[in-house]
Amino acid sequence: MRLLRVLGPAAVFLAALTIWQAATAYGWVDRLVLPSPISVARLFWTDPGLLAFNAGVTATEAIVGLVAGNVLGLLLAILFVNSPISRRSVLPVATGAQSIPIAAVTPALIIAFGNGMEPKILVTIFLVFFPMLVNAMRGLRSADAEVGELMHNLSASGFQRLWMVRLPAALPFIFTALKFSACSSFVAAIVAEWVASDRGLGHLIVLASSQYRADQVWAAVLICTASSMALVGLLVLTERRAMPWLRLSERDLA
Amino acid sequence: MKVAGRDPRDMLAAIFPPALLIAALLALWAWLSARGSIPSYLLPSPALIVTSMAANGSVLLRHGLVTTSEALGGFALGAVLGLVASIVLASSRWLRECFFPLALASQAVPIAAITPLIVLLIGRGQPAILTVVAIGAFFPMLINVTRGLRAADIDYHELLHSLAASRLQRLRMIELPGALPYFFAALKIGASLSFITAMVGEWIGSNVGLGYLIVISGQYFKIPMLWAAVVTTSALTLILVGVVTLAERLSTPWAQAETPP
Amino acid sequence: MKRNPLRRLKSAAGGVALLSAACGAASAADMTKLSVVLGYIPNVEMYGLEYALHEGLYKAEGLDVTLIPAGQGVNQVQMVAAGVVDVGIDNPEGIIAAAAKDESFKVFAGQFQKQPIAMTCRKDSGVTKPADLKGKTIGVKTNAEPYFKLFLAKNGLEPSDVTTTAIGPNDISVLIAGRIACEITTFAFNEPRLIEAAGVPVTVLPLGDYGLNAQADSYFVKNSFFDKPENQEILTKFLRATGKGWVGFYKDPKAAAKYVVDNHFVDGLDIDQQTFQAAQQVKYMSSPLTAEKGILWLDPAIWRQTAENVKASGVTPDVVPTDGMLTTSILEKADLPKF
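All values reported here derive from a predicted model rather than from experimental measurement.

1. Regarding the interface of chain B and chain C
Here is step 1 of the chain: If you look at the interface, chain B gives 20 residues, while chain C gives 29 residues.
Here is step 2 of the chain: A combined buried area of about 2100 Å² lies between chain B and chain C, and 60% of that area is made up of carbon and sulfur atoms.
Here is step 3 of the chain: Taken together, the connections running from chain B to chain C amount to zero salt bridges.
Here is step 4 of the chain: A per-element tally of the side of chain B that touches chain C places helix 9 (residues 210-219) of chain B first, with six residues.
Here is step 5 of the chain: Among the residues making up the side of chain B that touches chain C, the classes are represented as 13 nonpolar, four polar and three charged.

In structure tokens, the structure reads:
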């Protein structure tokens, strides 16, 4: 079973790679838009410094934004669950704020905050925060009503209630949101860099596109994908540790 | 008399606090703009934006409809496909092991990077944007619902197993209802995301839509128009999320019960 | 071009056949199809083509032309290379960069005779020539980075002489806010006008005057397309009709601007800005060469300079030979007006 876990996706992945190579070799897709996988791989060998530097910049923006956004989302969710009035006033407004297309607002952010990493981090926080808020709220309120009654009878404090009942019940939802944000944080940082930046993977993509260096573009995309995947992998491992009971039921349902 | 399962008085109580907050924020904004603390090329005063919206109503409507149809159509397509795919994946361990990790990985690929490719393959215009939005909606739905389908309490599964329930009955009676909260969470996130995806797609592959309008307004420095388009986008996204929330309330009344204090 | 019999049936059902039978003109199925991706959105920059399409000049030549506006992410060179469109209109730097990647294009017309792209500076920064840039802060758009370095080099400056900051592709707010003295690149008559309208007088330094000349909006096709004699015929007809379309612009730029705005080819245009643009644009699209030989003429010397600049800025490893890429054969056959 362990073997299948690795071989299955690996086989599908290899098949996809082969199709990609064939597509570029036989000219089904033009080289200016999609380079061959080999040329992309070669770039890691010939110019690792360029990729590493830009990846580092984007990674910093993404991870800082990820942590800050998720912490903020979780804290607000806890606050809202306990305070119906703040939930009722702020949550709709936060939903509304989330609907603002952040990419359109990024230029204004850059004028206001300068051209360093700050605007990109802000954009990442913005994108990451709301899924966590929504999911965590759902999760915190999904705890069994019966268990809630029990806690009430035992005169449990609000904090005990939070720690012992609501948070554990919310964990699956929280991890779903975390996994989402792991993927979207890199993309958010890159989109913010597209707007105005002189470094980072997003900047590299824009510059390389204009010069038809498709290999650089896709190398950057690859790094973004790999980083997101690494983050998600990390989260999955953490998830297994945090929710051993879920793993058990999953295994039994096989 | 209940409206959509809620007491009208409750609904008023729900609207009042956020309305108050919004009014306060608007007043603050208008005051700051009038003072000159916020330059108007950055963020015009609310009055200026409203005037721009009124003056350009037909343009905004036209482009708004385009973006909405792309967002909705693509979203519906992607969500349905994602739902179907997750039911398929949840039923076969083999398929799940092979494809779920890759589905997760595809989520990590920035949609804006593959949009040019899709535009080249399908051609500029709405079908390409629709495809991009569908792809953007497909994976979150897949991931969330697969999780949801597998999350149902093991006791329920045991019970139905002992009652010799068929696979389909198990699906219908435990897994799907259990997955509903996850489904609606994914739907809400997907709704707002689909608008943004449609707009980013428009930057790249189309010349109509609110995304295009925002870019062109920026280019010609028509800042009030730019923000008018931004506000329109927000409004449309909110309406969509509102509709989803309504649907959620109607289909999962049991999840609405407040946990006792 | 392929003819689809099914299409004939459909158009007959649609009543188009009735119309064309009544008019006696070529029916939809007899016209040759040609798809063209523009250099930009259909504003006054693309006037001649839009006029030719909407006033039936292409139809008169037996061509069924589709004009596709350009956008931000998928560019014209890629579309032509991928075979998505037949003809592309784009800037030489991009065409040359792609040619270095083994794409083979044929350039058959050049709309601008002088580079319309410029560096725009605030008047109060005191910058009127490159030497004045010393010690100033310049806003550089991402795509302009390699060319900015070259601009400095060609005008006796070191990168350390200036401070640069990245700005967005459509941004003029940072200049208006006074955070930067100049920005590069802008259109010579687009952004400056907008900045002045916002209350900030500017000085414009056209890149062509400082060693970075290029024939922007050049018309090109793939070599494989050009090599077929019947396609050369088609291109001649296309260029002839396009040339006729441009006549109104050269005679009366103001009226051309009005035409574009009134016909709503694209949303978001402003009549004042378009009128200003038209008046300036005509100067960049005219030269002794066009007066002598005809509009849209190609100047190999400018192309050679552009290719050298592209190499010097590091975008291509070697200088791409451009003489072979250009052809005046279509220009000669198209009998273009002289302005």
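2. Considering the sheet that holds strand 10 (residues 218-222) of chain C
Residues and elements named next belong to chain C.
Here is step 1 of the chain: Read across the sheet, five strands follow the order 2-1-3-10-4 without closing on themselves; strand pairing throughout is mixed. Here the strands that pair on one side only, and so sit at the sheet edges, are strand 2 (63-68) and strand 4 (105-110). Ignoring which end each strand starts from, the neighbouring axes of this sheet average 25° apart.
Here is step 2 of the chain: Across two bridges, strand 1 (residues 32-37) lies against strand 3 (residues 87-90) in parallel orientation.

3. Observations regarding a nonpolar patch on the surface
Residue and element names in this part refer to chain A.
Here is step 1 of the chain: Taken together, the side chains of Ile-63, Val-67, Val-71 and Leu-75 present a nonpolar region at the surface, about 340 Å² in accessible area.
Here is step 2 of the chain: Counting through the fold element by element, Val-67 comes out in helix 3 (residues 48-82).
Here is step 3 of the chain: Val-67 sits in the partly exposed class, given a relative accessible area of 47%.

4. Details of the nonpolar core
Here is step 1 of the chain: By size, the foremost hydrophobic cluster in this structure holds 218 residues, and its most contacted members are C:Phe108, C:Met119, C:Tyr219, C:Phe238, C:Leu239 and C:Phe249.
Here is step 2 of the chain: By residue number, the principal contributor to this core is helix 8 (residues 158-195) of chain A, which donates 16 residues.
Here is step 3 of the chain: B:Met141, B:Leu187, B:Leu240 and B:Val241 belong to the second-largest nonpolar core, a separate cluster that totals 21 residues.

5. Some thoughts on the pairing of strand 3 of chain C
All names here are of chain C.
Here is step 1 of the chain: Both faces of strand 3 are covered, namely the face carrying Val-87 and Ile-89 and the face carrying Gly-88 and Asp-90.
Here is step 2 of the chain: Note that strand 3 and strand 10 share three bridges and pair antiparallel. Across the sheet, the residue bridging to Gly-88 is Phe-220, located in strand 10.

Definitions and limits used
Residues numbered from 1 in each chain as written. Chains lettered and ligands numbered in written order. Predicted model: local features only at pLDDT ≥ 70, side-chain atom pairs only at ≥ 80, totals over all residues. Heavy atoms only, no water. Contact = heavy atoms within 4.5 Å. Buried area = accessible area lost by both parts, 1.4 Å probe. Salt bridge = Lys/Arg side-chain N within 4 Å of Asp/Glu carboxyl O. Helix = DSSP H or I, 4+ residues; strand = E, 2+ residues; numbered from the N terminus. Nonpolar A, V, L, I, M, F, W, Y, C, P; charged D, E, K, R; others polar. Pairing = 2+ DSSP bridges. Axes fitted to C-alpha atoms, helices over the stretch in contact; angles between N-to-C directions. Patch = residues over 30% accessible without salt bridge, like charges linked within 9 Å, V, L, I, M, F, W, Y side chains within 5 Å. Areas by Shrake-Rupley, 256 points an atom, 1.4 Å probe, with all protein chains shown as cover. Buried < 20%, exposed > 50% of the residue type's maximum accessible area, 1.4 Å probe, protein only. Core = buried A, V, L, I, M, F, W, Y, C linked by side-chain atoms within 4.5 Å.

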